[in-house]
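Summary of the model geometry
Now for the letters of each chain:
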There are 2 protein chains.
Amino acid sequence: MNLENKAAALLWIAKFEDLPDPIQLSLKEKADLIEEEGYLLQFEKGKVIVTSKSDIGLLYGTFALLRKIQTREKLEELSEIENPKIQKRLLNHWDNLNRTVERGYAGFSIWNWHRLPRHIDQQYIDYARANASIGINGTSITNVNANALVLTPEYLEKAAALADAFRPYGIKVYLTARFNAPMVLDNLPTADPLDPEVQQWWKDKTREIYTYIPDFGGFLVKADSEGQPGPHNYGRTQADGANMLADAVQPFGGIVMWRAFVYNEHTPTDRIRQAYDEFKPLDGKFRENVIVQVKNGPLDFQPREPFHPLFGAMPETPLMMEFQITKEYLGQDTHWVNLASMWEEVLQSDTYAKGPGSTVSKVLDGSLHDYKLTGIAGVSNIGTDRNWTGHQTAQADWYAFGQLAWNPEQNIEKIAEDWIRMTFSNDTEVINTMKGIMLNSYEILVNYMTPLGLHHIMARSHHWGPGPWVTGGGRDDWTATYYHKANSDSIGFDRTETGSNALAQYAAEWKEIWGDAETIPLEFLLWFHRVLWNKKLSTGNTLWDELAISYQKGVEGARWMQQEWNKLEGLIDPDRFKHIASFLKIQVNEAEWWRDACLLYFGQYSKMPLPEGVEAPKHDLNYYLNFKRNFVPGI
Amino acid sequence: MNLENKAAALLWIAKFEDLPDPIQLSLKEKADLIEEEGYLLQFEKGKVIVTSKSDIGLLYGTFALLRKIQTREKLEELSEIENPKIQKRLLNHWDNLNRTVERGYAGFSIWNWHRLPRHIDQQYIDYARANASIGINGTSITNVNANALVLTPEYLEKAAALADAFRPYGIKVYLTARFNAPMVLDNLPTADPLDPEVQQWWKDKTREIYTYIPDFGGFLVKADSEGQPGPHNYGRTQADGANMLADAVQPFGGIVMWRAFVYNEHTPTDRIRQAYDEFKPLDGKFRENVIVQVKNGPLDFQPREPFHPLFGAMPETPLMMEFQITKEYLGQDTHWVNLASMWEEVLQSDTYAKGPGSTVSKVLDGSLHDYKLTGIAGVSNIGTDRNWTGHQTAQADWYAFGQLAWNPEQNIEKIAEDWIRMTFSNDTEVINTMKGIMLNSYEILVNYMTPLGLHHIMARSHHWGPGPWVTGGGRDDWTATYYHKANSDSIGFDRTETGSNALAQYAAEWKEIWGDAETIPLEFLLWFHRVLWNKKLSTGNTLWDELAISYQKGVEGARWMQQEWNKLEGLIDPDRFKHIASFLKIQVNEAEWWRDACLLYFGQYSKMPLPEGVEAPKHDLNYYLNFKRNFVPGI
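Residues numbered from 1 in each chain as written. Chains lettered and ligands numbered in written order. Predicted model: local features only at pLDDT ≥ 70, side-chain atom pairs only at ≥ 80, totals over all residues. Heavy atoms only, no water.

**Side note on the domain arrangement of chain A**
Residue and element names in this part refer to chain A. Here is the rule: Residue ranges assigned to the domains are those given by an automatic or database domain assignment. Working rule for contacts: check all heavy atoms of both residues, and any pair within 4.5 Å makes them a contact. Here's the idea: put two parts together, see how much 1.4 Å probe accessible area each one loses, and the total over both is what we call buried area. One speaks of a salt bridge when a side-chain nitrogen belonging to Lys or Arg is within 4 Å of a carboxyl oxygen belonging to Asp or Glu. In the analysis that follows, any N or O atom pair within 3.5 Å is treated as a polar contact, provided that within protein one partner can donate a hydrogen and the other can accept it, and provided that, for residues neighboring in sequence, both atoms belong to side chains. Just so you know the grouping, Ala, Val, Leu, Ile, Met, Phe, Trp, Tyr, Cys and Pro go in nonpolar, Asp, Glu, Lys and Arg go in charged, and all remaining residues, Gly too, go in polar.
Along its sequence, chain A is organised into domain 1 (3–82), domain 2 (88–423) and domain 3 (445–493 + 530–625). For domain 2 and domain 3, the distance between their C-alpha centres works out to 30 Å. Taken together, the 29 residues of domain 2 in the interface contact 28 residues of domain 3. In total, domain 2 and domain 3 occlude about 2500 Å² of area from one another, counting both sides; carbon and sulfur atoms represent 58% of this. At the surface where domain 2 touches domain 3, the tally comes to 1 salt bridge. E265 serves as the salt-bridge partner of R475, at 3.3 Å between the closest nitrogen and oxygen. Between the two partners, domain 2 and domain 3, sit 14 residue pairs in polar contact (both at pLDDT 80 or more). Split into classes, the residues belonging to the side of domain 2 that touches domain 3 amount to 8 nonpolar, 13 polar and 8 charged.

Structure representation (structure tokens):
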């Protein structure tokens, strides 16, 4: 382009320093507000301008412009400065080196380790581009139940090849560190984090990693949990473990994401108390480059949990969020549920840590406690399936995660609508119908799976389908009966002062609201209270009736989703229409399965009849107890 | 279409009985030659006519017409009656129920068992359509190393859903039968094929299968081999085992494909003799609905083997061919080698069973021995990879298998050209360059892997890369040293009268040609003979020099393929150009790896220097001995 024509150009995509002087001049004030990864979109004197301070900001800005074009926004009204509110925006892949994916429901790992580093598949580039388009800037590529092999040259070379492929898209690679790697790989006699030889091992290993990946992001660690080794094995604290690794990556600018998901079956207290009990006393004891990664709720990605009590409780220790994009407990591959609805509920929960308005989202963006380091992670839902995510609509969860990671205050209705417009259609009927399904889907699923605060009542091990009868087997905290404690009088887990008192981990405001079985919102009733089957609730129904009616409502909701979807036949392409219709049929069947199995099981204890309007189960309880399937994916 | 317009139609695709009378009249004589699955393509009075006796014939004819259009044949010259020469044209999937694929190098199984029968993925339809387009009419969907679970209702329901999806494309489903299934599934005390209770079990099971799949094709069985249970466990013959199953499927029109790949480490004779020794005496002892499935060579899908001596030796027992489309021993996912070249060599081999011209292909099409049942199977090379086959060019093997299954006499150059035209381009340079690569690729690969009749010198277990040093480990017949027997004097396996005399299993003509170390074609020299390292060959080189030169030639061939391919940049789409270029780079590296590792290893014995022109190895032998990789796919 020669200079004369340059002045006439109507679209400018350039770093601020590369824009022509007159444009720079007119945008100076706005440009000052652009941060490292941010961008400015501006319509100015007939020109569309995308500008930034960095290459990656420019890429984000360009994707934002494309989104606006795809969603038919008015370009003449462009005037927007966007900076990400959270620094580290990661996917966590629970991908094993043999390409199985723990809790993966979209096929197998897209990392073809065997071909790496020899072959860089186009899919890696597509992956990076897709992530960049929604603002993801990091990826932990291996399972948190970690294999130390990934720290050997054989695999570092492969990880480095992925890092090279991702780098142009602003995505850093992180690895999971198996805590006893010094023993596994080099026969050290211990992995004690206070042992100088162990510390040196990690320093050497880290230096080696950085020779392969100069911008290596750092480690993600699951320790002392579900069989993973950790500092507890040596009588050390989680801070001791995290700090050892933090010291190793510190010279290179790396970070350590240390998971708070620490619990074990030998601790006598309520499982959901344990992370808080363990980490709260360690507040302020972590190095500056450690961030503690906390699941959204205190149990384990259940369909509905109250927010994790650590949020707001660690003013001196940066906390990051771990959401699960893959739907381990929310229907796996075949249920349509808009996870953004769940995430928004958590993000907007008020911790009251510094009075009203101290939301989880303000903990995460660092504003509440002035965190120097901020982050958010989503456990990936992608795999080798042709459509990446198994369910077409699970792409929306990947997208929404990226949007909320960039700005946790974003409106989820807008997120859903943008996704529909970009993915399916700008037709009003398609948008409204799909948005209706999406925004209602979460309550529907909770109703047919775990209404009224029920939790952890899924099948053992693979977690597919209902399993309220799961009991025994060596670990109480992995059974359903540990959590619902149904007997002939009542059901529910007393977590008030008269019970495990897990409620004490929350602010006084919540103790008041949740502590009273009369006033607690019904969605958390059985999470915090034991309730008599025949207790009359605020709805006027007995607990039993309310439970049955909720399950029935869930089933009817699933059927409604199906009917709504069927209205779109002909308005979207037949392939995707059929695919989603096929999965919705499964969803309705499985909603009925959950309702029937759970009501039959709990009905043994309540001994009360199903209220009017609740359909009779299709089979007897034995059918559901004996329903077994082999090779359910994800384990 | 009203009747007036109908007469004017220029394209007719209709069963013969549905064609208008005048067309029927003019094509009567030709139509009489169309068989059940056949079709007629005819240009007649300005009309293109595709006709057949059956729906499936019409589908095959339509695909043939599309092929002619894609390859730019002149439609005005259409006049062709095509009937398949082989009845049962199957893919064999070695797919496990957990979706791993034994010897699969294109990702994982495309059968999503967990979602079946609830969801029929579009990929199943695409699979069936692709197979129908090349004439495949059956598929055995589970691994020959079989899991009895596939015979339970849980899986029969899933298999039936696949059968329903495949049926419109003329593809029947077959299952692999684990021989001890009566014990595994129903606790029978024995699986003895002569036990009436066992026989009844299989009859009942078969009847049950047909309630799920009314047109179930039958069983494929691997017995008494590599740990699989079989009739030997009860002192029975392979015929006893096959006949029991044959009796069970007979009332429903099913068949049994009984694999001849039977051998074990306790039989003292040369492993490659064992199938012949076992099956030859059973000729004529099998039921009419049994067909014995024989691998192309007597060992195990090595890069080059002489044809299997059972071909021509079983006039009273139908034999079918088992080719391996997946490249277990031919470079797995990343080498480009045109398997049709290897297959043609086998198909055109003369068994001399009824004098000259008694080719393997005439055994297979039934003409040599008047077989009532004919068949051919290819072990599938497809998986979840985006391009189905891992290597783009491995699609050509799938295609060529279908073409040769339809007619084993087909010209492989034409097959290659058609594939190139349909898949890449009708541009002359693209066609000639790709065809050149393809038609030379097989000799090139044999040279860099197993020249001069070497065999079974690959790495242990995963079979990826060279392993001439593999020895010990409990099963001699799974080592390399068992086969090459290199020592300081000589190398090779004496299979003449002075050795294992496996040569005796061939016709006199072959004994003469192959029995003499002076006259045997060099490609089978070390397969049949032990030869001194310093023996002068017909080429004027010593054996050692010839070996080294062959390896070098292989490497240079791989480099030549790479150079040829690079000429096509810009002539085909960049994605596929890059993908294949990336794999060719790996192929060149691995060709060098094979050459260097094998020459270093054998050089220890020959103690002779590398002849001029053979490049020095890049590393020392220890490097290759210690080269280990984890999680190599396919096992």
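**Examining the sheet that holds strand β4 (residues 79–82) of chain B**
Neighbouring strands of a sheet are bound in pairs by backbone hydrogen bonds; such pairs are parallel or else antiparallel. All names here are of chain B. To be explicit about the condition: Here the rule is simple: two strands pair whenever DSSP picks up at least two bridges between them. We count a stretch as a helix when DSSP gives it H or I for four or more residues in a row; a strand needs E for two or more, and each element gets its number in order from the N terminus. Only the contacting stretch of a helix is used when fitting its axis, a line to C-alpha atoms as for every element, and angles between N-to-C directions run 0 to 180 degrees.
Judged by pairing direction, the sheet is mixed, and its 4 strands sit side by side in the order β1-β3-β2-β4 without closing on themselves. Of all the strands in the sheet, the pair left with one neighbour each is β1 (11–15) and β4. The mean angle between the axes of side-by-side strands here comes to 15 degrees, regardless of whether they run parallel or antiparallel. Pairing analysis gives 4 bridges linking strand β2 (residues 39–44) to β4, with the strands arranged antiparallel. Residue pairing across strands places L41 opposite E80, the latter belonging to β4.

**Quick notes on the relation of the copies chain A and chain B**
Applied cut-off: A least-squares fit on C-alpha atoms brings the copies together, and the residues used are those whose pLDDT is at least 70 in both copies.
Note on the identical chains: chain A maps onto chain B by a rotation of 180 degrees and an axial translation of 0.0 Å, with an RMSD of 0.0 Å. This pairing of chains is accounted for by a two-fold axis. If distances are taken from each C-alpha of chain A to the rotation axis, the shortest is found for T384(A), at 3.3 Å. Comparing contact sets, 98% of the residues at the interface of chain A also lie at the interface in chain B, consistent with an isologous, same-surface contact.

**Concerning the environment of E546(A)**
Residue and element names in this part refer to chain A. Residue position: E546 is located in helix α18 (residues 543–566). The spatial distance from the C-alpha of E546 to the C-alpha of T142 is 43 Å, given a sequence separation of 404 residues. If sequence neighbours within four positions are ignored, E546 has contacts with L452, L522, L537, T539 and N541.

**Observations concerning the environment of T542(B)**
Residue and element names in this part refer to chain B. Position of T542 relative to the elements: it lies in the loop between β14 (531–532) and α18 (543–566). With 10 residues separating them in the primary sequence, T542 and L532 have C-alpha atoms 8.7 Å apart. Discounting chain neighbours no more than four positions away, the residues touching T542 are W533, N534, K535, K536, L537 and M608. Polar side-chain contacts of T542 include one of 3.0 Å to the backbone nitrogen of D545.

**So, the sheet that holds strand β11 (residues 319–324) of chain B**
Residue and element names in this part refer to chain B. Pairing is parallel around the closed barrel formed by 8 strands, whose spatial order is β5-β6-β7-β8-β9-β10-β11-β12. The average undirected angle you get between the axes of adjacent strands in this sheet is 25 degrees. Sheet contacts for helix α5 (residues 153–166): β6 (138–140) and β7 (172–176); angle to β7, the most-contacted strand, approximately 150 degrees.

**Thoughts on the layout of surface pockets**
Under the convention used in this document: For each structure, a 1 Å grid was placed over the protein atoms alone; sets of points admitting a 1.4 Å probe that cannot get out are labelled cavities, open sets with protein on both sides within 12 Å along at least five of seven lines are labelled pockets, and lining residues have an atom within 4 Å of a point. Grid points are joined across faces, edges and corners, and a volume is the space filled by probe spheres set on the points.
The calculated volume of the largest pocket comes to roughly 1200 Å³. Lining the largest pocket are 46 residues; nearest its centre among them are T384(A), D385(A), R386(A), N387(A) and Q123(B). Elements with a minimum of two residues in the lining of the largest pocket: α4 (122–133) and α19 (574–606) of chain A together with α4 (122–133) and α19 (574–606) of chain B. Here the second largest pocket is characterised by a volume of approximately 690 Å³. Surrounding the second largest pocket, 40 residues form its lining, T100(A), F108(A), N98(B), T100(B) and F108(B) being those nearest its centre.

**Concerning the pattern of salt bridges**
Residue and element names in this part refer to chain A. Quick note on the threshold: For every residue, the accessible area (1.4 Å probe, protein chains only) is compared with the maximum for its type, and the residue is labelled buried under 20%, exposed over 50%, or partly exposed between those bounds.
This structure, assessed with the given rule, holds 82 salt bridges over all chains. The salt bridge partner of D215 is R167, with a shortest N-O separation of 2.8 Å. Taken as a pair, D215 in the loop between α7 (196–212) and β8 (218–221) and R167 in the loop between α5 (153–166) and β7 (172–176) lie far apart in primary sequence, 48 residues in all. Among the ionic pairs, K295 bridges to D300, the shortest N-O distance being 2.6 Å. Here the two residues K295 and D300 agree in accessibility, since each one is buried. Bridged by salt links that share partners, the residues R559, E592, R595, D596, E615 and K618 form one connected network.

**Let's talk about the UniProt feature "domain: Glycosyl hydrolase family 67 C-terminal" (unreviewed entry) in chain A**
Test applied: UniProt positions are given in the numbering used here, feature names are shortened, and annotations may be inferred rather than shown by experiment.
Here, UniProt's "domain: Glycosyl hydrolase family 67 C-terminal" (unreviewed entry) annotation points to residues 389–614 of chain A. Helix makes up 53% of residues 389–614 of chain A and strand makes up 2%, while its end C-alpha atoms are separated by 34 Å.

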